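Structural features, examined
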Amino acid sequence: AQTVTQSQPEMSVQEAETVTLSCTYDTSESDYYLFWYKQPPSRQMILVIRQEAYKQQNATENRFSVNFQKAAKSFSLKISDSQLGDAAMYFCAYRSADDYKLSFGAGTTVTVRA
Amino acid sequence: GAGVSQSPSNKVTEKGKDVELRCDPISGHTALYWYRQSLGQGLEFLIYFQGNSAPDKSGLPSDRFSAERTGGSVSTLTIQRTQQEDSAVYLCASSMRQAGANVLTFGAGSRLTVL
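Each chain carries its own residue numbering, running from 1 in the written order of its sequence. Starting at A for chains and at 1 for ligands, labels are handed out in the order in which the entities are written. Selection of residues for local features in this predicted model requires a pLDDT of at least 70, selection of side-chain atom pairs for listing and counting requires 80 or more, and totals for whole chains, interfaces and linings are taken over all residues. Note that the side-chain values use all heavy atoms of the structure and ignore hydrogens as well as water.

Observations concerning the interface of chain A and chain B
- Across the contact, 23 residues belong to chain A and 28 residues belong to chain B.
- Only one rule defines a salt bridge in this text: a Lys or Arg side-chain nitrogen within 4 Å of an Asp or Glu carboxyl oxygen. Run the count over chain A and chain B and you get one salt bridge.
- When the shortest N-O distance is used, the salt bridge between Lys101(A) and Asp56(B) registers 3.4 Å.
- Between N or O atoms, a polar contact is any pair within 3.5 Å; within protein, one atom must be a potential hydrogen donor and the other a potential acceptor, and residues adjacent in sequence are included only when both atoms are from side chains. Counting the contacts that link chain A with chain B gives eleven residue pairs in polar contact (both at pLDDT 80 or more).
- Counting only elements with at least two residues in the side of chain A that touches chain B, the list comes to β5 (32-39), β6 (46-52) and β10 (88-96) of chain A.
- Starting at the N terminus, helices and strands are each numbered in turn, a helix being any DSSP run of H or I of at least four residues and a strand any DSSP run of E of at least two. Among the elements that take part in the side of chain A that touches chain B, β5(A) stands out by supplying four residues, more than any other.
- Only Asp, Glu, Lys and Arg are considered charged, only Ala, Val, Leu, Ile, Met, Phe, Trp, Tyr, Cys and Pro nonpolar, and every remaining residue, Gly among them, polar. Taken together, the residues that form the side of chain A that touches chain B break down as twelve nonpolar, four polar and seven charged. Here a residue-residue contact requires only that any non-hydrogen atoms of the pair lie within 4.5 Å.

Here's what the structure looks like:
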């Protein structure tokens, strides 16, 4: 079974600053997908960014970018120019390329200070 | 519909009662998932439906939990004889395909509180 670890239960960032959330995972697979989901107080899980393991280039979506280190099995999320609306719980998730189950980390709560 | 719809949004029940939670996936999505999110924890896989195939029930925590999906669309998660440890948010998600790069779209969840 795959294990996804988020070692930071909480992170705080000043508005307009940058924050980086860490995620590591354990797998013997070579082909898989990694995701970051955002869960605001509304509970609606929203996909932030997705990375395919066979792509070396780090994925970027506007102010969100990842640092994917396949050998180290690390997948961190960087939020640049943080906004108040970024305050939420962020979950890292893993799925093998030939599987349908997503395995989630325990989440990191991000607080944005005005 | 435009998104995954779940009902009820919140449910408070007494220990020992049965509850039903409903999920209406995005039209055309053949894959449907149920996850459980306990307070301060990540998401725990419960059950998976794909088209007309037999569901993967490997994540159901006990035989008090069951789920069905009628007509390949709406799904109902039933918890019988609820216990306090069943208190959690139950999230439903759907996707177009079962594997690959497909993305799960989640509903807003049903928060269950067992007194």
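Digging into the environment of Leu47(A)
- Here Leu47(A) is to be found in strand β6.
- Buried means the residue's accessible area, taken with a 1.4 Å probe over protein chains only, is under 20% of the maximum for its type, while exposed means over 50%, and partly exposed covers the values in between. Looking at Leu47(A), the relative accessible area reads 29%, which means it is partly exposed.
- The sequence separation of Leu47(A) and Tyr37(A) amounts to ten residues, and the corresponding C-alpha distance is 4.5 Å.
- Leaving out residues up to four positions away in the same chain, Leu47(A) has contacts with Phe35(A), Trp36(A), Tyr37(A) and Val103(B).

Some points on the nonpolar core
- Formed by 25 residues in total, the largest nonpolar core has its most connected members in Tyr25(A), Trp36(A), Phe75(A), Leu77(A) and Tyr90(A).
- Elements with a contribution of two residues or more to this core: β3 (19-21), β5, β6, β8 (64-69), β9 (74-79), β10 and β12 (108-113) of chain A.
- Within the second largest apolar cluster, 22 residues are counted, among which are Tyr33(A), Phe35(A), Tyr48(B) and Ala93(B). Within this scheme, the nonpolar core is defined by two criteria: the residues are buried Ala, Val, Leu, Ile, Met, Phe, Trp, Tyr or Cys, and they are joined through side-chain atoms within 4.5 Å.

Description of unusual backbone geometry
- Cis peptide bonds are those with omega within 30 degrees of zero, and the linkage from Ser7(B) to Pro8(B) qualifies with -5°.
- Assignment of secondary structure puts Pro8(B) in the loop between β1 (5-7) and β2 (10-13).
- Phi is positive for Asn62(A), close to 55°, though the residue is something other than glycine.
- Even without being glycine, Arg81(B) reaches a positive phi, approximately 50°.
- The topology assignment puts Arg81(B) in the loop between β7 (75-79) and β8 (88-95).
- Since its relative accessible area comes to 42%, Arg81(B) is described here as partly exposed.

Some points on the packing of aromatic side chains
- Pairing of aromatic rings covers Phe, Tyr and the six-membered ring of Trp, with a centre-to-centre limit of 6.5 Å; geometry is then stacked below 30 degrees between planes, edge-to-face above 60, and tilted otherwise. For the coordinates displayed, the defined rule picks out 16 aromatic pairs over all chains.
- On the basis of an interplanar angle of 85° and a centroid distance of 5.5 Å, the ring pair of Phe104(A) and Tyr35(B) is categorised as edge-to-face. Placement of the pair is Phe104(A) in strand β11 (residues 103-104) and Tyr35(B) in strand β4 (residues 31-37), with the two residues belonging to separate chains.
- Judged by relative accessible area, which is 10%, Phe104(A) ranks as buried.
- Judged by centre distance (4.9 Å) and plane angle (55°), the ring pair of Tyr33(B) and Tyr48(B) falls under tilted.

Honestly, that's just the spatial picture; any functional story needs more than this.
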